[in-house]
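An overview of the molecular structure
Single-letter residue listing:
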Amino acid sequence: MSFDIFNLSLELSKALEKNNYKTPTPVQKEVIPLVKTKQDIMVQAKTGSGKTASFVIPILETLKENKDNKKAKIKVLVLAPTRELTLQIAESFSTLSRFFPKVLSIVSVIGGEKIGEQLLKIQKGCDIVVATPGRLLDIIGKKQIDLSTIEYFVLDEADKMLDLGFVQELDEILKIIPKNRQNLLFSATYSQKVIDIASKITSNAVKVEIKDSTTHVEEITQRAIFVKKEDRSALLRHLIKENKFKSVLVFMANKRATDNIANKFIKKGYEAESFHGDLTQEERNLTLNDFKDKKIDILFSTDIASRGLHIDDIDCVVNFDLPRGTEDYIHRIGRTARAGKSGTAISFLDNENLSHFKLIEKRYNLDIKKEQIEGFDFTLLKNTKQKGTAPVKGKRKSKKDKLREQGLL
Ligand code: ADP
Ligand code: MG
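If you're wondering where the values come from, they're calculated on a predicted model, not measured in any experiment.

Formed by 40 residues in total, the largest nonpolar core has its most connected members in Phe-55, Ile-57, Ile-59, Leu-60, Phe-93, Ile-128 and Leu-184. Ranked by size, the runner-up nonpolar core spans 34 residues in total, among them Leu-136, Ile-139, Leu-147 and Met-161.

At a minimum axis separation of 11 Å, helix 8 (residues 167-176) and helix 9 (residues 192-201) run at an interaxial angle of 15 degrees. If you check the angle between helix 8 and helix 9, you find them roughly parallel. The handedness of the crossing between helix 8 and helix 9 comes out as right-handed. Taken together, the residues of helix 9 that come into contact with helix 8 (itself represented by Val-167, Leu-170, Asp-171 and Leu-174) are Ile-197, Lys-200 and Ile-201. The residue makeup of the contact of helix 8 with helix 9, split by class, is five nonpolar, no polar and two charged.

Our focus in this paragraph is the sheet that holds strand 7 (residues 206-209). Reading across the sheet, the seven strands line up as 3-4-2-5-6-1-7 and stay open at both edges, with parallel pairing between neighbours. Among the strands making up the open sheet, the edge pair consists of strand 3 (106-109) and strand 7. In this sheet, neighbouring strand axes are inclined to one another by 15 degrees on average, regardless of whether the strands run parallel or antiparallel. Across the face of the sheet, helix 4 (residues 83-96) comes into contact with strand 2 (76-79), strand 3 and strand 4 (128-131) while running at roughly 180 degrees to strand 3.

If you check helix 4, its first and last C-alpha atoms are 20 Å apart, about what 14 residues at 1.5 Å a residue would give, namely 20 Å. Regarding helix 4, the residues found buried are Glu-84, Leu-85, Thr-86, Gln-88, Ile-89, Ala-90, Ser-92, Phe-93 and Leu-96.

Next up on the list: a negative patch on the surface. A contiguous patch of negative charge on the surface is contributed by Glu-113, Glu-117, Glu-273, Glu-282 and Glu-283. Examined against the element boundaries, Glu-283 turns out to sit in helix 12 (residues 281-292). Residue classification places Glu-283 among the partly exposed positions, given a relative accessible area of 38%.

On to the sheet that holds strand 10 (residues 272-275), then. Pairing is parallel in the open sheet, where seven strands are placed in the order 10-11-9-12-13-8-14. The sheet is open, and its two borders are formed by strand 10 and strand 14 (370-372), each paired with just one other strand. If you compare each strand with its neighbour and ignore which way they point, the axes differ by 25 degrees on average. In the sheet, strand 10 pairs with strand 11 (residues 298-301) via four bridges, with the strands oriented parallel. Within strand 11, the position partnered with Ser-274 by the bridge is Phe-300. Running at roughly 170 degrees to strand 10, helix 11 (residues 255-267) makes contact with strand 10 and strand 11 of the sheet.

Turning to the pattern of salt bridges, a few remarks are in order. All told, the structure shown has 12 salt bridges when counted by the stated rule. Residue Glu-84 is joined to Arg-284 by a salt bridge in which the shortest nitrogen-to-oxygen separation is 2.9 Å. Of this pair, Glu-84 sits in helix 4 while Arg-284 sits in helix 12, and the two are 200 residues apart along the sequence. Of the two residues, Glu-84 and Arg-284, both sit in the buried class. A single network of salt bridges, built from pairs that share partners, joins Lys-229, Asp-350 and Glu-352.

What follows is about the pairing of strand 2. Side chains Val-76 and Val-78 project from strand 2 onto one buried face, and the interleaved Leu-77 and Leu-79 project onto a second face that is buried too. Alignment of strand 2 against strand 4, held across four bridges, turns out to be parallel. Across the sheet, residue Leu-77 finds its bridge partner in strand 4, namely Val-129.

A low pLDDT means the predicted coordinates there should not be read in detail. Averaged over all residues, the pLDDT of the protein chain equals 87, while 89% of them reach at least 70. pLDDT under 50 marks residues 384-395. Its contacts with residues more than four places away, or in other chains, come to 20 contacts.

In this section: the pairing of strand 9 (residues 248-251). Strand residues, when the strand is regular, have side chains that alternate between the two faces of the sheet. Of the two faces of strand 9, both are covered, the one formed by Val-248 and Val-250 as well as the one formed by Leu-249 and Phe-251. As paired strands, strand 9 and strand 11 are joined by four bridges and run parallel to one another. Opposite Val-250, over in strand 11, you have Phe-300 as the bridge partner. Across four bridges, strand 9 lies against strand 12 (residues 316-319) in parallel orientation. Paired with Leu-249 across the bridge in strand 12 is Val-317.

Analysis parameters
- Residues numbered from 1 in each chain as written.
- Chains lettered and ligands numbered in written order.
- Predicted model: local features only at pLDDT ≥ 70, side-chain atom pairs only at ≥ 80, totals over all residues.
- Heavy atoms only, no water.
- Core = buried A, V, L, I, M, F, W, Y, C linked by side-chain atoms within 4.5 Å.
- Buried < 20%, exposed > 50% of the residue type's maximum accessible area, 1.4 Å probe, protein only.
- Axes fitted to C-alpha atoms, helices over the stretch in contact; angles between N-to-C directions.
- Helix = DSSP H or I, 4+ residues; strand = E, 2+ residues; numbered from the N terminus.
- Parallel < 35°, antiparallel > 145°, perpendicular 65-115°, else oblique.
- Left-handed = near helix turned anticlockwise from the far one by under 90°.
- Contact = heavy atoms within 4.5 Å.
- Nonpolar A, V, L, I, M, F, W, Y, C, P; charged D, E, K, R; others polar.
- Pairing = 2+ DSSP bridges.
- Expected span 1.5 Å × (residues − 1).
- Patch = residues over 30% accessible without salt bridge, like charges linked within 9 Å, V, L, I, M, F, W, Y side chains within 5 Å.
- Areas by Shrake-Rupley, 256 points an atom, 1.4 Å probe, with all protein chains shown as cover.
- Salt bridge = Lys/Arg side-chain N within 4 Å of Asp/Glu carboxyl O.
- Lys, Arg positive; Asp, Glu negative; His and termini not counted.
- Charge placed at Lys NZ, Arg CZ, Asp CG, Glu CD.
- pLDDT = per-residue confidence, 0-100.

Structure follows, in structure tokens:
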């Protein structure tokens, strides 16, 4: 099945072809025709399922109709939680509209870059604004943007937006934009919080849920390896060599650790870099582009890179440190095996984090073999029992134990 079923314009079809988009993903199959019906839509589909193009394609198709030469008015407002995502969405709008007879003006409104340039572009007139909530409110505060002509309001990565605490910003923005608009909401997960926020935006959205079976997590080979903390670097080098991994994304617990280890790897002759929130926006863009262009082979990152970023062809994602939240595990490993390709995710385990890893496995119904690698001695302590036995309990009494003591269970 190809994109032909949507009867897209020649210009858009050509751009899709050039972008190597041959068949629509399941979410695109459902959402593209729905957007055209002008209804509000709320979409839940896993990371990597192609949500961006599912709104970019139908929106562009309607914008193409506009050929007049008047100063452009903002018709589309997209909100995204992070600067990187904002830039990626803007890029998607511009690559897919590149053959349009009238070039669309697309502005990214993001923090960390000079506000003046963004203001200038807005004043010149633009069709599409892709923004993070904070910087958009700055610009609204300066009375430098007219949002009264908005036809489409897109909220991307709604769950992440809530995680980052953007509820208040969102409320303020909602007060300003016209009531009569089409709302398109996207989220990788549905929680009560996401549903609550959706209810502030729209009351009659058509719900689209793309079930987990259509996601790509199955295409990821998940491994878990016991290793002493101090041996992790050496094991990582061993695994990269043995599996001939070319592009590796390594998640670490904190910023300093990413810097330290990246420096160590650079000294050993690897093309490595660190990626975290303390870098300037310019540094982040540069690093990300170098990683995408394969100028960097190993990227050591904090969780800043775990959601929504699409970097293709990552061979392997490594949980050097396990993620704190169980949900972050899926987001992290979702960075590999994108768009139908295969990939590997490796988690480093030890006596301390094993019970946490088991929580992750339980939450996602995973049953990952625990390996040990020759040459990397590791002693598993007895009280951290292996699979098939009762779950490990810490020193503190569980909620259940307490209830039992009180005779309530
Ligand atoms: P999501 O927002 O659901 O996490 P994205 O929209 O970021 O997913 O898309 C994930 C990756 O898949 C991107 O690299 C994107 O370019 C690619 N992609 C999306 N749709 C298609 C398609 N129809 N064919 C091939 N690749 C696609
Ligand atoms: Mg996305």
